[in-house]
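Per-entry structural report
Given next are the chains, with one letter for each unit.
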Amino acid sequence: MRIVADYRPAKGQKIKSLLITLLLFAAAFLAGAAVQKEAEFIQDLIAAAPVALEGIKAFLNEKVFFKVNTVTGQIKWTAAITLLVIKDFLWHSVRGP
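Residues numbered from 1 in each chain as written. Predicted model: local features only at pLDDT ≥ 70, side-chain atom pairs only at ≥ 80, totals over all residues. Heavy atoms only, no water.

1. What to know about the overall build of the protein
When helices and strands are tallied, the protein shows 2 helices and 0 strands. In the form shown here, the protein has an accessible surface area of approximately 9500 Å², with 73% of it arising from carbon and sulfur atoms. (Helix = DSSP H or I, 4+ residues; strand = E, 2+ residues; numbered from the N terminus. Areas by Shrake-Rupley, 256 points an atom, 1.4 Å probe, with all protein chains shown as cover.)

And the structure:
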């Protein structure tokens, strides 16, 4: 540690060291700004997630489930009518004694 504290660069090295130090400070500042921006984005995303989830649930309930119920009802009534027609057809086609 003492060697580092007593180190005195030559005149040409002093400017180079200063520029490298400034460059490292600028990189650290930009990295900190990027991390802060990402943290704010994540906070906004967390705040918006429940609203988006409710919207998706409402969409699924209104558009998908009701269509499934409608199709199921149509199939049920189509099957019931078809069975009644077949029963009446078989009933009329059987000859009595």
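2. Notes on a nonpolar patch on the surface
There is a patch of nonpolar side chains on the surface, built from Ile15, Leu18, Leu19, Leu22 and Phe25 and spanning about 560 Å² of accessible area. By the secondary structure assignment, phenylalanine 25 is in helix H2 (residues 11–93). Exposure remark for phenylalanine 25: the relative accessible area of 58% places this residue in the exposed category. (Patch = residues over 30% accessible without salt bridge, like charges linked within 9 Å, V, L, I, M, F, W, Y side chains within 5 Å. Salt bridge = Lys/Arg side-chain N within 4 Å of Asp/Glu carboxyl O. Buried < 20%, exposed > 50% of the residue type's maximum accessible area, 1.4 Å probe, protein only.)

3. Section: the pattern of salt bridges
Scanning all chains against the criterion turns up 1 salt bridge. Here lysine 57 ties to glutamate 54 by a salt bridge, and the two come within 3.5 Å at their closest N and O atoms. Of this pair, lysine 57 and glutamate 54 both sit in helix H2, separated by 3 residues, roughly a single helical turn.

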